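Working through the structure, step by step
What follows is each chain in one-letter form.
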Amino acid sequence: MDSSILLNIQDQVAYIKFNRPKKYNSFNREMAFNLQNTLDDCIKNDEVRAIVLTGEGKAFCAGQDLQEITDPEQNPGFKKILDDHYNPIITRIRNVEKPVIAAVNGVAAGAGANIALACDIVVASEEASFIQAFSKIGLIPDSAGTFFLPRLIGFQRASALAMLGDKVDAVEAERMGMIYKYFSIETFHEEVESLAKKVSKMPTKALAYTKKALNKSFNNSLEEQLALESEYQIAAASTEDYEEGVAAFMEKRKPEFKGK
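Fair warning: this is a prediction, and the values are worked out from it, not measured in the lab. (Residues numbered from 1 in each chain as written. Predicted model: local features only at pLDDT ≥ 70, side-chain atom pairs only at ≥ 80, totals over all residues. Heavy atoms only, no water.)

What follows concerns the sheet that holds strand β8 (residues 129-131). If you walk across this open sheet you meet the 4 strands as β4-β6-β8-β9, and the pairing is mixed. In the strand order of this sheet, the two ends are held by β4 (59-61) and β9 (167-169), each with one partner. With direction set aside, neighbouring strand axes in the sheet form an average angle of 20 degrees. Relative to β9, β8 runs antiparallel, the two sharing 3 bridges. The residue of β9 that forms the bridge with Phe 130 is Val 168. (Pairing = 2+ DSSP bridges. Helix = DSSP H or I, 4+ residues; strand = E, 2+ residues; numbered from the N terminus. Axes fitted to C-alpha atoms, helices over the stretch in contact; angles between N-to-C directions.)

With a phi angle near 55 degrees, Asn 25 is a residue other than glycine that sits in the positive phi range. You can see Asn 25 is positioned in the loop between β2 (13-18) and α1 (29-44). Judged by relative accessible area, which is 0%, Asn 25 ranks as buried. (Buried < 20%, exposed > 50% of the residue type's maximum accessible area, 1.4 Å probe, protein only.)

Within the element layout of this structure, Gln 132 appears in the loop between β8 and α5 (145-153). C-alpha separation for the pair Gln 132 and Ala 113, spaced 19 residues apart in sequence, amounts to 7.1 Å. Those residues in contact with Gln 132 that sit more than four places away from it in its chain are Ala 113, Asn 114, Leu 117, Pro 141, Leu 149, Leu 161, Ala 162 and Gly 165. A polar atom in the side chain of Gln 132 sits 2.7 Å from the side chain of Asn 114. (Contact = heavy atoms within 4.5 Å. Polar contact = N/O pair within 3.5 Å; in protein donor to acceptor, adjacent residues only side chain to side chain.)

This part takes up the packing of helix α9 (residues 204-217) against helix α10 (residues 222-236). Direction vectors running N to C along α9 and α10 enclose 170 degrees, while the axes themselves pass 10 Å from each other. As judged from the angle between their axes, α9 and α10 are roughly antiparallel. The segment α9 lies against α10, with Tyr 209, Lys 212, Ala 213, Lys 216 and Ser 217 engaging Gln 225, Leu 228, Tyr 232, Ala 235 and Ala 236. Partitioning the contact of α9 with α10 into residue classes produces 6 nonpolar, 2 polar and 2 charged. (Parallel < 35°, antiparallel > 145°, perpendicular 65-115°, else oblique. Nonpolar A, V, L, I, M, F, W, Y, C, P; charged D, E, K, R; others polar.)

Right, let's get into a nonpolar patch on the surface. Side chains of Leu 66, Phe 78, Ile 137 and Leu 139 sit close together on the surface and give an oily, nonpolar patch of about 350 Å² of accessible area. Looking at the element boundaries, Phe 78 is found in helix α3 (residues 78-95). Judged by relative accessible area, Phe 78 falls into the partly exposed class, the value being 43%. (Patch = residues over 30% accessible without salt bridge, like charges linked within 9 Å, V, L, I, M, F, W, Y side chains within 5 Å. Areas by Shrake-Rupley, 256 points an atom, 1.4 Å probe, with all protein chains shown as cover. Salt bridge = Lys/Arg side-chain N within 4 Å of Asp/Glu carboxyl O.)

It is worth spelling out the pairing of strand β5 (residues 100-104) at this point. The buried count for β5 comes to 5 of 5 residues, which makes it a mostly enclosed element. Of the two faces of β5, the one lined by Val 100, Ala 102 and Val 104 and the one lined by Ile 101 and Ala 103 are each fully buried. Where β5 and strand β7 (residues 121-125) come together, 4 bridges link them in parallel fashion. Each residue of the ladder has a partner; that of Ile 101, found in β7, is Ile 121.

This part covers helix α8 (residues 188-200). Taking 1.5 Å as the rise per residue, α8 with 13 residues should run 18 Å; its terminal C-alpha atoms sit 18 Å apart, in good agreement. Close packing links the buried residues of α8 with β2, β3 (50-55), β5, β7, β10 (181-183) and α9. (Expected span 1.5 Å × (residues − 1).)

With that settled, consider the packing of aromatic side chains. Inspection of the entire model under this criterion finds 7 aromatic pairs. An angle of 85 degrees between the planes, with centres 5.0 Å apart, marks the rings of Phe 147 and Phe 148 as edge-to-face. The exposure class assigned to Phe 147 is partly exposed, which follows from its relative accessible area of 29%. Take Phe 148: its relative accessible area is 8%, and that puts it in the buried class. Three or more aromatic residues joined by ring pairs make a cluster, and in this case those are Phe 18, Phe 27, Phe 60 and Tyr 86. Stacked on the ring of Phe 147, the Lys or Arg Arg 151 has its end atom at 3.8 Å from the ring centre. If you follow Arg 151 out to its NZ or CZ, it ends over the ring of Phe 218, 4.8 Å from the centre. (Phe/Tyr/Trp six-rings, centres within 6.5 Å; stacked < 30°, edge-to-face > 60°. Lys NZ or Arg CZ within 6 Å of the ring centre and 35° of its normal.)

In terms of nonpolar packing, the biggest core is built from 48 residues, with Phe 27, Ile 51, Leu 53, Val 104 and Met 178 touching the most fellow members. Residue contacts for Met 178: discarding those within four places in its chain leaves Leu 117, Phe 130, Leu 149, Leu 152, Ile 153, Leu 161, Val 168 and Ala 173. (Core = buried A, V, L, I, M, F, W, Y, C linked by side-chain atoms within 4.5 Å.)

And the structure:
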């Protein structure tokens, strides 16, 4: 059985770990499909209210396994790699109606960096780094790198990082708005677990509507976005979690959201 992706569900959090540490968790075809299937399982599982992506060993993910694409017998071709491997991963991350946290434990390069940046919340260990490594081998950023990176850090910085392939450490990534926060090596795992637990106890449907609204804000006009906010706000106000949130506020107690 392929063990390139590990899944551990605890306290309504699905921890998905990239598990090819000897290859710096780079993707081959089996690993890409395994991740897609694991994400699908988490989407269907009502007990899962938050998802964490992280890596085993020193790396988060080094992107594509170049050994696969340089072996004539293994190479599926770039069209299949993008259409079958990475694009479906990105669309799953953005469309799953649950928050997805990228816990970047080490180097995130190429598609690995862009998978992280597609997540809802990105945190990193202080020893992590982000590299748009594509230009170093004559390629362009894929896995939505040209979509999310300029929206996170601005056009000029994104253009420079995409073309130059400079390494960005966790401190600089936080400073420029590429990630939410970085943590010390000593506290990283504890901080990730604390964040994941916090998110998993929040009103899941409201977070899903927030995510959907943010997705559409990239292309909507102001008027369209206001209309969308109205639609989603009305939907959120019909949830059990909204009733619980208001009741808890009035009763001066901590709400107990159920994700319904």
